[in-house]
Structures are given as structure tokens and as C-alpha cells.
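What follows is the residue order along each chain.
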Amino acid sequence: MRKLLTASNDTTIYQTYTALNAGLDEILEIGKMVTASNSTGSYDSGSARTLIYFDLPTTASVSATADYYLNLRLANASNVKRNQAVLVYKVSRSWDEGSGYLYEYPYNAEDGATWNQATTSVSWSNAGGDFLTGSTSASLTLSTYPLQDLRIDVTNILRPYVSQSLQSTFYGLVLQFPISDETDINNEGNI
């Protein structure tokens, strides 16, 4: 039996626009944002990360050994290098979705999660979000071209929460490029 879970909160946070979010935007982004700098005539590059939260089922409604996949439809991809990795980590604190849009005049876009803030009144401990790396992470290598929709196996992250073998609160997932790719000025990939 398949059970589909949809996100109840999601947002994209931007290193270049540290005080904004795209919480109500229907498009989520990961990778890099390259923007023209009006003051210098050059281009600035910063990372984009996506936060996703959904209510998890209980073992009363699904098997304790169920597998979990994060399925994301590809709207657009540009400058993505061959074999680009996409990483998924557990967010380690609560955050708010926010009500911003990236390409529209954002009404009240400084509410909710941004690059520096988890909520309007609480900062992340680390710029770009607080998340746990290590064995409870997931990844996908983009090796099929043209790029297809993303399907990431997140079983090792979610199963401990659903089976309740992990006695902590689920705060969602963060999707991003590896730090080495985020800091590489030559990597301008965006999904």
C-alpha cells in the first residue's frame, strides 16, 4: 500500500537575500542564485536551500519497515553540472514557512525562515539553517540527462521517527548542494 504525504510547510532560503524567503512560492529551489550587482556591474552568487516539513504517519497507519521517498517535480534546471549531488539532512529546530515570493513584490516576506532566521524572532545557530549531517542523511546524484524529476530515498531519515525508535521531534528536511559546490564560484547550477 502506498501512502502519499504532502508538505504542510516549505520554503526556499537564499544566501544572497538573507532577510527574505519564498514560503508561499510554488517553486522550491536548491543550488545557486546568480544575480547582477547594481553597484559594481558584476555578478553575485549565493546558495539556495529548501526546507520541507510534513506530518509523519504513525506505525498504526503504515508498516514499521516502510520505505520513504521524497518526490519532487522538476520545473527548471540551469547550469547543473554532470553528477551534481543533492543532499538531504534533518532540520534540527523548528522553523516557520513565511509568506514570501521570490519574483513578485513580497508582501511580509521577512516573516518566517530566512538564511539567518528560523522564525521571525529566533536566529539559526548557523547561517543557512540548523541541520544534522552524518548517517541520517540522504543524497541523490544527478546522472541522467536531460534531468528528470527527483526521487530521493529518505528511508534512513524518516523510518526512525515513524517507528518511534527515535525519541525526538521531526522538524523537517533541508535540501542543498554539498558545501564544496555551494562555495565553488564556478558552480552556478540551480534546480
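Here, the structure is the one placed above.
Described below are features of the structure shown in this document.

What counts and how
Residues numbered from 1 in each chain as written. Predicted model: local features only at pLDDT ≥ 70, side-chain atom pairs only at ≥ 80, totals over all residues. Heavy atoms only, no water. Salt bridge = Lys/Arg side-chain N within 4 Å of Asp/Glu carboxyl O. Helix = DSSP H or I, 4+ residues; strand = E, 2+ residues; numbered from the N terminus. Buried < 20%, exposed > 50% of the residue type's maximum accessible area, 1.4 Å probe, protein only. 1 Å grid on protein atoms, 1.4 Å probe; cavity = no way out; pocket = protein on both sides within 12 Å on 5 of 7 lines; lining within 4 Å. Points joined across faces, edges and corners; volume = space filled by probe spheres on them. Nonpolar A, V, L, I, M, F, W, Y, C, P; charged D, E, K, R; others polar.

Structural notes on the pattern of salt bridges
Scanning the model with the defined rule gives five salt bridges in all. Across the pair Glu182 and Arg49 runs a salt bridge whose closest N-O atoms are separated by 2.6 Å. Pair noted here: Glu182 is in helix α2 (residues 179-182) and Arg49 is in strand β3 (residues 43-53), with a separation of 133 residues, a long-range link. With relative accessibility at 8%, the residue Glu182 sits in the buried group. A residue is classified by how much of its surface remains accessible, and Arg49, at 4% relative accessible area, is buried. Arg73 is the partner of Asp149 in a salt bridge, and the nearest nitrogen-oxygen pair spans 2.9 Å. In this pair, Asp149 is assigned in the loop between β7 (138-142) and β8 (150-153) and Arg73 in the loop between β4 (69-72) and β5 (84-91), connecting sequence segments 76 residues apart.

What to know about the layout of surface pockets
Of the volumes computed, that of the largest pocket is approximately 1400 Å³. Considering the residues around the largest pocket, the lining is formed by 45 residues, among which Leu70, Asn71, Leu72, Arg73 and Leu150 are closest to the centre. Elements supplying a minimum of two residues to the lining of the largest pocket: β2 (31-36), β3, β4 and β8. At four residues, β4 tops the list of elements feeding residues into the lining of the largest pocket. Split by residue class, the lining of the largest pocket holds 26 nonpolar, eight polar and 11 charged.

Distances and angles like these do not, on their own, reveal function.
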